[in-house]
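Chain by chain, the residues run as shown.
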Amino acid sequence: MNEQAVIRTRGLTRYFGAKPAVYDLNLEMPRGCVFAFLGRNGSGKTTTIRMLLGLLEPTRGEGTILGHDIRSLPPEIRARIGYLTEEHQLYGWMNVKECGEFQSQFYPRWNEKIFRGVIGHFGLKPAARVKDLSRGERAGLCLGLTLAPEPELLVLDDPAMGLDPVAHRSLIESMIYLTRRSDRTIFFSSHQLADVERVADYIAILDRSVLRVCCSLEMFRNSVQQVRLRFPGAPPPVPKIPGLLQAFRAEGELRLTCVQFGGATEQALRALAPTQMEMVPISLEDAFISYLGERGEKSFILSETEAQP
Amino acid sequence: MKTLILKELRENVKLALLGFGILTLMLALNAHSYSTDLKNLGAISDSQQEYLQKYLPWQPLVSSGFLTLTGFFCAIFGAVLGWFQIHNDRHRDLWAFLIHRPITRTGIFLGKTIAGLMLYVLATGLPLAGFVTWVLVPGHVAAPFEWAMLWPLAMLFLSGTLYYFAGMLTGLRQARWYASRALGLGVALFVSLTFKSEPHLWQALIFILIGGFILATAVWGGFHSHGFYRGQPAAGKPALTGALMPGCGLVLALATILLVESLLRNSDSYRWSDYQMTKDGIIYKVTHGTGDQSDIVDLAGQPLIDAKTGRMMGTADFNRRLCTRVQINPDFGDRAPRGRWFDRDCYRFTFWRATPDTLWYYWGRYGRLVAYDIGTRRFIGSLGPDGFAQNVSGDGNRFGDGRNNYAVASRRIINTTQAVYELDPDHHTVKSIFTITNAPNETIGGIGEVSLNGYDWDYTIVVTRDYIRLLTPDGNVVWRFAYKPNHPDYGQISVAFLDSRNQFALWLTPSGHTQEKTGWKLPMQVTWLDREQGVLRSTDLPVLSRNRREFGREQKLMSLSISPALMVMLPWFNAETRLKDIPWVLVRYSLAAALVCLPVGWWLGRRYHFTVGAQMGWTAFHLAFGIPGLLTFLSVQEWPARESCPNCKKLRVVDRELCEHCGAGFAPPEKTGIEIFAPLNVTDART
């Protein structure tokens, strides 16, 4: 067991009614890394984060964050955790300066320089009311409020959600600039795969409430592979292959995305008697999408009617 | 916490200012309406005096209109303020922004509560304080004032804080609006319904404090658990349960009342009988039901036939034939003070009479009539047995003994323990019309002014321990009847005035207290009297009133919906509580309902695998609180889903680590072959 784990869960589960939103989550996150938490909408990312921060009671299982039970986080531990919520909600009647003043009263390690730096980066005027800010500006303000206390652990719930490319770039730059310190740990959920590729050391993927991936980014990249099989006519039906993520069927061609492509998988594919079998390079984004997308076989063979121009 | 208080103040100050404005406006209208009423008084006829006595707010601070307005406003504003304070932060992300900061949940609760109560005081306390100040400034209100009159207002103001906490709880609770979300308001409602009825002020205060403590603790727990029952601190769970139970009880009681009303509306339980006397001195037994027509029979049981129509006489015709009856409940100072503290503090004085330029009140504290000038609205002087005085206490001479504020029996007369006086407010004089002589131990316990046509003063009834006397207005005795053997058992006296000017009927009715002691066996006594011939005849009438220890079907049905514990506790809310006041018959019904709830609660506890301690605790709860308790149990708990155990195939709750049936753990997620797991080490990742 990693003694340096900042976040550790064991069998963490949360039901909403009879439906599990997060099921049996076992996770250990080492200190000083950037950890990307991925999954489709509704896969349980936000629920997990809310449980980790003691904002939602787990149905069963347990967890610790910075060594403390997530069910009873004391104020001194909360002071060491910065949390950026996904919708960047703040008190609409406050202005930017008041937000900073309000937040600074609670944090003894409040760094006004960082706060000013971040809001300056986003071009926010101190007198601007929160309710008049754009979504991107609000995200910048939230980021400033989250970073200024200089937290040891940053938990960012889809920080780039709904931001335009410029605001998005600003946010990521701020994140990278201000958090790339060896003692700081970042746990963030995102749908922006480019961000993940750019900043993450580790990734975890939740698939329909269940954790399927938890490894380094490099390992994930190496584990997901695509193979193309060519056939003289229509490709045969795809047999049951271990680790198959997706199969794309086209005229005389079968393209399969698999996890841990190895001996057993290769053997099963060769049994289909293809005329050619070759490994195709796959981008990280494609690997993510095949992982997060619908599993099963997809066909690109068009019927005659559909093929007419 | 200071920052949080300031934030809350800033966030909700608009609501508070709105409340402040509305209440100030309403109080200003109240003051204006009082001034207008006084200006419009003008000449007041005798027939208007009774109307004035009943409907005009002589002292605006204790007028029912003002107190109702204050009570409603404090309750509504408190609930809205509490709810808004939570609602403002209740968006999921905003709640996280509030909660996830280095401050304890208790700190957040206190920050919100302190700010909320400050705003409550601003919105309600300031306008009320302003109104009290206006009343206190001489020349504004032409009526007596005592500091104790502020207690009803203070208690209503204080009870508004219960609604404040109930509003917060409603905002916090994770429950459906149509189900149990707003049930916390039940505590505040229950306290509001009961605290006014208490015999003593301290009891009312304790009620409010207990209600406030329960609600505040439930809200405090709600901050720890984000509004859920699960995750509450140890004190929060019973507090939340206690906060929801009165609401469940009230909802259930309302439902039961509706059921009883619809099912048993026409039953015999809704019929009652009394005796009536016509102007010719004949007694009839009248049985009232739910319709307009009553059954009227004579004492032999023969229906009363209308001679003109030959059919049974209608109620309206019968009522026209009834004689005038004047009732007196004498009090010789040997009865413990009864009644509600609320009424005692509201009626520290009573309006007596208005002359064209003066308002007269009987002020119990001084036992004297006090006069206020209508024009200047200032105190003029007081009237006691010794005559008029410029100050309020005279030389200490007083009419009443100070035990009650209702010594004024009529418009023209008033009594001390030894004499009856005729009052002349126009000339500021009093004249003795009757004095007890040669019987130093005899005291006057009650007097009655009789007006047969509603205007003129025809007779005076004077009741002492030894005699009941009927006097003419100038004090001459018409007849005298011995009261001694019947006192104190027959605590209700009424004199009927018959067609013949010289004939009367004296009714002596046992008090309910005596009837309870004697098993409802004492008959009513009626004696016919003649001015010249004395006693003509007398008769005993069998008891008609239902023994209060006998209960009808609807009461038994109602008791099923009331907690046994509440049923046992209810009589203890009265001043003189005795074990035998507890309605044990109804308690038995309530207990029977509780016994039915026991297996249901036990079964649910087993189904969701409660701990032994929790099972025992809830069992005791169900036994004590019956059906309302079971409803509370169902409302307060978050019932986890159940799913089939892969090992034993039985349904198991999802919030336990191990199956309650076979002890197996939950199956790990099924492997699909796409899993990629590797131990994480930051050094590896960085390199």
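Calculation rules
- Residues numbered from 1 in each chain as written.
- Chains lettered and ligands numbered in written order.
- Predicted model: local features only at pLDDT ≥ 70, side-chain atom pairs only at ≥ 80, totals over all residues.
- Heavy atoms only, no water.
- Helix = DSSP H or I, 4+ residues; strand = E, 2+ residues; numbered from the N terminus.
- Buried < 20%, exposed > 50% of the residue type's maximum accessible area, 1.4 Å probe, protein only.
- Contact = heavy atoms within 4.5 Å.
- Lys, Arg positive; Asp, Glu negative; His and termini not counted.
- Charge placed at Lys NZ, Arg CZ, Asp CG, Glu CD.
- Polar contact = N/O pair within 3.5 Å; in protein donor to acceptor, adjacent residues only side chain to side chain.
- pLDDT = per-residue confidence, 0-100.
- Phe/Tyr/Trp six-rings, centres within 6.5 Å; stacked < 30°, edge-to-face > 60°.
- Core = buried A, V, L, I, M, F, W, Y, C linked by side-chain atoms within 4.5 Å.
- Domains from an automatic or database assignment.
- Pairing = 2+ DSSP bridges.
- Axes fitted to C-alpha atoms, helices over the stretch in contact; angles between N-to-C directions.
- Parallel < 35°, antiparallel > 145°, perpendicular 65-115°, else oblique.
- Left-handed = near helix turned anticlockwise from the far one by under 90°.
- Nonpolar A, V, L, I, M, F, W, Y, C, P; charged D, E, K, R; others polar.
- Expected span 1.5 Å × (residues − 1).
- Salt bridge = Lys/Arg side-chain N within 4 Å of Asp/Glu carboxyl O.
- Buried area = accessible area lost by both parts, 1.4 Å probe.

A. Seen up close, the overall build of chain B. Looking only at helices and strands, chain B has 17 helices and 23 strands in total. Within the span of chain B, comprising 687 residues, buried residues form 50% of the whole. Nonlocal contacts in chain B, meaning residues at least 24 apart in sequence, comprise 59% of its contacts between residues at least 6 apart. Distance from the positive charge centre (67 side chains) to the negative charge centre (54 side chains) of chain B: 9 Å.

B. Here's a closer look at the side chain of Glu11(B). Of note, Glu11(B) is situated in helix α1 (residues 2–39). Here Glu11(B) falls in the buried class, since its relative accessible area comes to 15%. Only 3.0 Å separates the side chain of Glu11(B) from the side chain of Trp93(A), close enough to count as a polar contact. Setting aside residues no more than four positions away along its own chain, Glu11(B) makes contact with Tyr91(A), Trp93(A), Asn88(B) and Asp89(B).

C. Just the environment of Tyr107(A), in detail. All names here are of chain A. Along the chain, Tyr107 falls in the loop between α3 (96–104) and α4 (112–121). Taking relative accessible area as the criterion, Tyr107 reaches 7% and is therefore assigned buried. Through-space distance from the C-alpha of Tyr107 to that of Ala250 is 59 Å; in sequence the pair is 143 residues apart.

D. Quick look at the confidence of the model for chain A. Taken residue by residue, chain A gives an average pLDDT of 83. The fraction at 70 or more is 91%. Overall, residues 301–309 of chain A carries pLDDT values under 50, and its contacts beyond four positions in sequence, including any with other chains, amount to five contacts.

E. Representation of the packing of aromatic side chains within the structure. Residues and elements named next belong to chain B. Evaluation of the coordinates by the stated rule reveals 43 aromatic pairs over all chains. Judged by centre distance (5.6 Å) and plane angle (90°), the rings of Tyr284 and Phe318 are edge-to-face. You can see Tyr284 sitting in strand β2 (residues 283–288) and its partner Phe318 sitting in helix α10 (residues 315–320), a full 34 residues away along the chain. Residue class for Phe318 comes out buried when judged on its relative accessible area of 2%. Centre to centre, the rings of Phe633 and Trp639 are 5.3 Å apart; their planes meet at 85°, and the pair counts as edge-to-face. Accessibility expressed as a relative area gives 27% for Trp639, which makes it partly exposed. In this structure an aromatic cluster arises from ring pairing among Tyr608, Phe610, Trp618, Phe621, Phe625, Phe633 and Trp639.

F. Highlighting the nonpolar core. Membership of the largest hydrophobic core comes to 186 residues, with the highest contact counts inside it found for Phe35(A), Leu141(A), Ile203(A) and Phe220(A). Among the elements that make up this core, the one with the highest residue count is helix α6 (residues 150–172) of chain B (twelve residues). Two domains share this core, each providing at least three of its residues, namely domain 1 (5–208) and domain 2 (221–307) of chain A. Residues Tyr459(B), Val463(B), Tyr490(B) and Leu508(B) belong to the second largest nonpolar core, which totals 21 residues.

G. Summary view of the side chain of Asp530(B). For Asp530(B), the position within the fold is in strand β19 (residues 524–530). With near-sequence residues (within four places) excluded, Asp530(B) lies in contact with Asn502(B), Gln503(B) and Leu536(B).

H. Local environment of the pairing of strand β6 (residues 81–84) of chain A. All names here are of chain A. The alternating pattern of β6 places Ile81 and Tyr83 on one face and Gly82 and Leu84 on the opposite face, and all of these are buried. Alignment of β6 against strand β7 (residues 153–157), held across four bridges, turns out to be parallel. Bridge pairing links Leu84 to Leu156 in β7.

I. Fine view of unusual backbone geometry. Of note, the phi angle at Glu150(A) is positive, near 50°, even though the residue is not glycine. Note on placement: Glu150(A) falls in the loop between α5 (135–147) and β7.

J. Structural detail: the packing of α6(B) against helix α8 (residues 201–225) of chain B. All names here are of chain B. At a minimum axis distance of 9 Å, the contact between α6 and α8 shows a crossing angle of 20°. The angle between the axes of α6 and α8 places the two elements in the roughly parallel class. Both α6 and α8 take part in a crossing whose hand is left-handed. Facing Trp151, Met155, Leu158, Ser159, Leu162, Phe165, Ala166, Met168, Leu169 and Leu172 of α6, the residues of α8 in contact are Leu201, Leu205, Ile208, Gly211, Gly212, Leu215, Ala216, Ala218, Val219, Gly222 and Phe223. Grouping the amino acids of the contact of α6 with α8 by side-chain chemistry returns 17 nonpolar, four polar and no charged.

K. Representation of α5(A) in the model. All names here are of chain A. Counted at 1.5 Å a residue, the expected span for α5 with its 13 residues is 18 Å, and the 18 Å between its end C-alpha atoms agrees. With eleven of 13 residues buried, α5 lies mostly within the body of the structure. When α5 is considered as a whole, its buried residues turn out to be Gly136, Arg138, Ala139, Gly140, Leu141, Cys142, Leu143, Gly144, Leu145, Thr146 and Leu147.

L. Fine view of the domain arrangement of chain A. Residues and elements named next belong to chain A. Considered domain by domain, chain A is made up of domain 1 (5–208) and domain 2 (221–307). Domain 1 and domain 2 are separated by 37 Å when their C-alpha centres are compared. Across the contact, ten residues belong to domain 1 and ten residues belong to domain 2. On inspection of domain 1 and its partner domain 2, the count reaches one salt bridge. We note a salt bridge from Arg221 to Glu197, for which the minimum N-O separation is 3.1 Å. Taken together, domain 1 and domain 2 are joined by one residue pair in polar contact (both at pLDDT 80 or more). Sorting the residues of the side of domain 1 that touches domain 2 by element identifies β3 (34–39), α7 (193–199) and β9 (202–207) as the ones contributing at least two each. The residue makeup of the side of domain 1 that touches domain 2, split by class, is five nonpolar, one polar and four charged.

M. Here's a closer look at the pattern of salt bridges. Applying the stated criterion across every chain, the model contains 30 salt bridges over all chains. One salt bridge connects Arg255(A) with Glu253(A), and the closest N-O pair in it is separated by 3.6 Å. Residue Arg368(B) is joined to Asp386(B) by a salt bridge in which the shortest nitrogen-to-oxygen separation is 3.3 Å. Note that Arg368(B) is positioned in strand β7 (residues 368–373) and Asp386(B) in the loop between β8 (379–384) and β9 (387–389), a separation of 18 residues in sequence. Here the salt bridges do not stand alone but share partners, grouping Lys7(B), Glu8(B), Glu11(B), Asp89(B) and Lys112(B) into one network.

N. Geometry of the sheet that holds strand β11 (residues 419–424) of chain B. Residues and elements named next belong to chain B. Across the sheet, which stays open at both edges, the three strands sit in the order β10-β11-β12 with antiparallel pairing between neighbours. The open sheet has two edge strands with one neighbour each: β10 (413–415) and β12 (429–435). Strand after strand, the sheet turns through a mean of 30° between neighbouring axes, direction not considered.

O. Quick look at the packing of α6(B) against helix α7 (residues 185–195) of chain B. Residues and elements named next belong to chain B. Viewed as axis vectors pointing N to C, α6 and α7 meet at an angle of 165°, and their least axial separation amounts to 8 Å. Considering their axes alone, α6 and α7 lie roughly antiparallel with respect to each other. The two elements α6 and α7 cross, and the hand of that crossing is left-handed. Along its contact with α6, which presents Met155, Leu156, Ser159, Leu162, Tyr163, Ala166 and Thr170, the element α7 presents Leu185, Ala188, Leu189, Val191, Ser192 and Phe195. The residue inventory of the contact of α6 with α7, partitioned by class, reads ten nonpolar, three polar and no charged.

P. Geometry of the sheet that holds strand β13 (residues 444–450) of chain B. Residues and elements named next belong to chain B. With antiparallel pairing, the four strands of this open sheet are ordered in space as β13-β14-β15-β16. Of all strands in the sheet, those with a lone pairing partner are β13 and β16 (477–482), marking the two edges. Adjacent strand axes in the sheet meet at a mean angle of 15°, parallel and antiparallel pairs treated alike.

Q. A look at the interface of chain B and chain A. With 47 residues of chain B at the interface, the matching set in chain A holds 71 residues. Taken together, the two surfaces of chain B and chain A that pack against each other cover about 5000 Å², and 59% of this comes from carbon and sulfur. A per-residue breakdown of the area chain B buries against chain A is headed by His100(B), Ile676(B) and Leu680(B), which together make up 17% of the total. For the pair chain B and chain A, the number of links is two salt bridges. Salt-bridge contacts for Arg212(A) lead to Glu675(B); the nearest nitrogen and oxygen are separated by 2.7 Å. Put simply, chain B and chain A have 21 residue pairs in polar contact (both at pLDDT 80 or more) between them. Sorting the residues of the side of chain B that touches chain A by element identifies α1, α4 (92–99), β23 (676–677) and α17 (682–686) of chain B as the ones contributing at least two each. At seven residues, the largest contribution of residues to the side of chain B that touches chain A is made by α4(B). Residues belonging to the side of chain B that touches chain A are distributed by class as follows: 21 nonpolar, nine polar and 17 charged. Bridge analysis of strand β10 (residues 210–216) of chain A against β23(B) gives two bridges, and the strand direction is parallel. For Cys214(A), the partnering residue across the bridge sits in β23(B) and is Phe677(B).

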